[in-house]
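# Secondary and tertiary structure notes
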Amino acid sequence: MKHIVVTTDFSQNSKAGLRFAMQLASQSKAHVTIFNCIEVMKPTSWSDKKFEAYAKEEIEKKCDMLESFANDVFKSMKLKDPDYSFVVELGMNVDEHVINYAKEVKADVICSSTRGAGAVKKLFGTNASKLINNSSVPVIVVPADYRHKPITTIWYSSDMENIAPELKKVQAVAKTVKAKVQVNHYNYLLDEKLTRNKLNKIVDKYKNKETEFVLRHLDLEHSLTWFIERDIKKEKQSLVAL
């Protein structure tokens, strides 16, 4: 992991994304780019030259604001000499600009804060859903109440159907930050012998000292989302991969 892009709109909620990005960077030695997108309308009476000068001035103001905003976060985290930079772009569709920039610089991950990320069932109703649905760069959505702490475990929920390539990606992130992986599989038929034997074979093949598997029984009273949300809250892992 060499480059992390984190979005901010200067809100208190967006500080969570910045905290997580810097925590991730501190464990992976990555560079962080703090990205902001602003909308500047051009009055019809203005010339292109006048508008360009105005836009340039607005971008410089935003960069100064970003520095002050970031320094407040860094101070609270007691970071020394963080490796970061600022990028401000003009545009209306923030998600498109973030995605295009992340692709351009070959970023490894995009971090974004959201109010809804605290509950799995609310996640895809947030603005971050646009990034999740459209970005080819991995996206980490950070709950607004996140407070920085070392990343030690990655809680990965899998249906086991495509475990090899998916687990490889999760393990790659875990290795970067020296974290362990817990693979969680939920199944209604866990008590059936054929199902249990099939799952045990997968577990025996892919488990190691850094990767453990937990097989969890589902019932008809609650949805899969309910079980995942319950277990995430109960076990308080560092990072959840879905």
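Here's what I pulled together on the structure shown here. Given the structure is predicted, the values throughout are model-derived calculations rather than measurements.

### As for the sheet that holds strand β7 (residues 180-187)
Taken in spatial order, the 4 strands line up as β8-β7-β6-β9 in an open sheet, and their pairing is parallel. Because the sheet does not close on itself, it has two edges, and the strands there are β8 (211-217) and β9 (239-241). Going across the sheet, the axis of each strand differs from the next one's by a mean of 25°, ignoring polarity. As paired elements, β7 and β8 share 7 bridges and run parallel to each other. Its bridge partner lying in β8, Gln182 is registered against Glu212.

### Description of the nonpolar core
A general feature of soluble globular proteins is that nonpolar side chains tend to end up buried together. Residues Ile4, Leu18 and Phe20 are the most contacted members of the largest nonpolar core, which totals 47 residues. Residues contacting Ile4, with those up to four places away along its chain left out, are Ala21, Leu24, Ala25, Ser28, Ala30, His31, Val32, Thr33, Val109 and Cys111. If you look at the next biggest cluster of nonpolar residues, it comprises 12 residues, including Cys37, Ile99, Ala102 and Ala107.

### Observations regarding helix α2 (residues 48-77)
For α2, built from 30 residues, the straight-helix expectation of 44 Å at 1.5 Å per residue is met to within 8% by its first-to-last C-alpha distance of 43 Å. Residues of α2 that are buried in the fold lie against α1 (14-28), β2 (31-38) and β3 (84-90). Downstream of α2 by one or two residues, Lys78 has phi in the positive range, about 60°.

### Describing the pattern of salt bridges
Applying the stated criterion across every chain yields a total of 10 salt bridges. A salt bridge links Asp48 to Lys42, with the shortest nitrogen-to-oxygen separation between them at 2.3 Å. One salt bridge connects Lys61 with Glu57, and the closest N-O pair in it is separated by 3.7 Å. Note that Lys61 and Glu57 are positioned in helix α2 at a spacing of 4 residues, about one turn of the helix.

Analysis parameters
For every chain, the first residue of the written sequence is number 1, and numbering continues from 1 onward in sequence order. Selection of residues for local features in this predicted model requires a pLDDT of at least 70, selection of side-chain atom pairs for listing and counting requires 80 or more, and totals for whole chains, interfaces and linings are taken over all residues. Note that the side-chain values use all heavy atoms of the structure and ignore hydrogens as well as water. Here, any two strands with at least 2 DSSP bridges between them count as paired. Numbered from the N terminus, helices here are DSSP runs of H or I no shorter than four residues, and strands are runs of E no shorter than two. Comment: axis = line fitted to C-alpha atoms, over the contacting stretch for helices; angle = value between 0 and 180 degrees taken between N-to-C directions. Side-chain atoms within 4.5 Å are what join buried Ala, Val, Leu, Ile, Met, Phe, Trp, Tyr and Cys residues into a set we call a nonpolar core. Three labels apply to residues, based on accessible area from a 1.4 Å probe with only protein chains included: buried if under 20% of the type maximum, exposed if over 50%, partly exposed otherwise in between. Contacts between residues were defined by any pair of non-hydrogen atoms, one from each residue, lying within 4.5 Å. What a helix should span is 1.5 Å times the count of its residues minus one. The salt bridge definition used is simple: a Lys or Arg side-chain nitrogen within 4 Å of an Asp or Glu carboxyl oxygen.

Fair warning: the whole summary comes from geometry, so function is off the table for now.
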